[in-house]
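Observations on the model geometry
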Amino acid sequence: MDSPSCRGPFRLLGLLLWGAAAAMAWAGVSALRTHWSYQDFCDNPFLEVLGCLVVATAPLLLLTGGLAVGISRWNTGPWQGLFLYGVMVLLCMEASSAVLAHTSSCQRDWETHMLDNLLHQYGNQSDPKTKAVDQLQEELQCCGLHSYTDWRVIGHFSAPVSCCQKILNCTGAFNSSQLLYQEGCLPKLEQLRKVVLDYVFWCCVGALLLELFAALISGFLTRQSPLPDYHILDSSTFS
């Protein structure tokens, strides 16, 4: 495996693994940010576990990519053994992450119940729950559970100012509904979570396929490597 034709695939694998590390780090951070920002509306611990697991794979991908580049320059048995070991560990971590990303979701009824309770408790501006609702409506550009009319059903005489579009002189009055966000927060929150989980899932699948390819390439090139030139020693030499 000392020939340039054998070094090229490992160099390419190293670069691809570094790219996968960047993608996985971004995916993990996105999952953690989504969980921390909206855990008042869906306190799903699996989303946080998923984010931590995906973030943890990033440095291991960097290390494995560095080993691949090192093998392409200085071919040694221990380096290749560490590379294969890293790939096997990554395969397990990525498979677990993909399963979690595919199954981590909130029950719609539970999410609706939590959000509806927070809307009913809305009022005191110093209350963390009120601040959480305002943050949700401002960041997702939504209003109410399903629409701005939910605030009227609850008993409010106007929608919160956080429901206002980026327009001056908006007070949240229902008679100026064209100044309010028209979409509800529940479908937007579900859409955001789905986008993040889908991104994490496909990053895990892509990294998983890359690692399988790395294991196959490593095994194939190892098989093509010439065996050491052993010689039979004459026993008379030691007599």
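Notes on the structure follow. (Residues numbered from 1 in each chain as written. Predicted model: local features only at pLDDT ≥ 70, side-chain atom pairs only at ≥ 80, totals over all residues. Heavy atoms only, no water.)

Okay, the overall build of the protein next. Helices and strands together make up the secondary structure of the protein, namely seven helices and zero strands. When the elements of the protein are put in sequence order from the N terminus, they spell out α-α-α-α-α-α-α. Among the 239 residues that make up the protein, the fraction classed as buried is 43%. About 13,400 Å² of surface is accessible on the protein, with carbon and sulfur atoms providing 63% of the total. (Helix = DSSP H or I, 4+ residues; strand = E, 2+ residues; numbered from the N terminus. Buried < 20%, exposed > 50% of the residue type's maximum accessible area, 1.4 Å probe, protein only. Areas by Shrake-Rupley, 256 points an atom, 1.4 Å probe, with all protein chains shown as cover.)

The backbone of Gln141 shows a phi angle near 55°, a positive value even though the residue is not glycine. Tracing the sequence through the fold places Gln141 in the loop between helix H5 (128-140) and helix H6 (149-154).

Here Val161 lies in the loop between H6 and helix H7 (185-224). For the pair Val161 and Ala173, spaced twelve residues apart in sequence, the C-alpha separation works out to 9.0 Å. Residues contacting Val161, with those up to four places away along its chain left out, are Cys170 and Thr171. (Contact = heavy atoms within 4.5 Å.)

One pass over the structure, following the stated rule, counts two aromatic pairs. Seen in terms of ring centroids, Tyr122 and Trp151 are 5.1 Å apart; in terms of plane orientation they differ by 65°. Their pairing is edge-to-face. With Tyr122 in the loop between helix H4 (108-120) and H5 and Trp151 in helix H6, this pair connects stretches of sequence that are 29 residues apart. Residues Tyr122 and Trp151 agree in their burial class; the two are buried. Residues Phe201 and Trp202 carry aromatic rings whose centres are separated by 5.1 Å and whose planes lie at 75° to one another, so their mutual orientation is edge-to-face. Residue classification places Trp202 among the exposed residues on the basis of a relative accessible area of 57%. Over the aromatic face of Phe174 sits the side chain of Arg152, whose NZ or CZ is 4.7 Å from the ring centroid. (Phe/Tyr/Trp six-rings, centres within 6.5 Å; stacked < 30°, edge-to-face > 60°. Lys NZ or Arg CZ within 6 Å of the ring centre and 35° of its normal.)

Function cannot be inferred from these measures alone, as they are strictly geometric.
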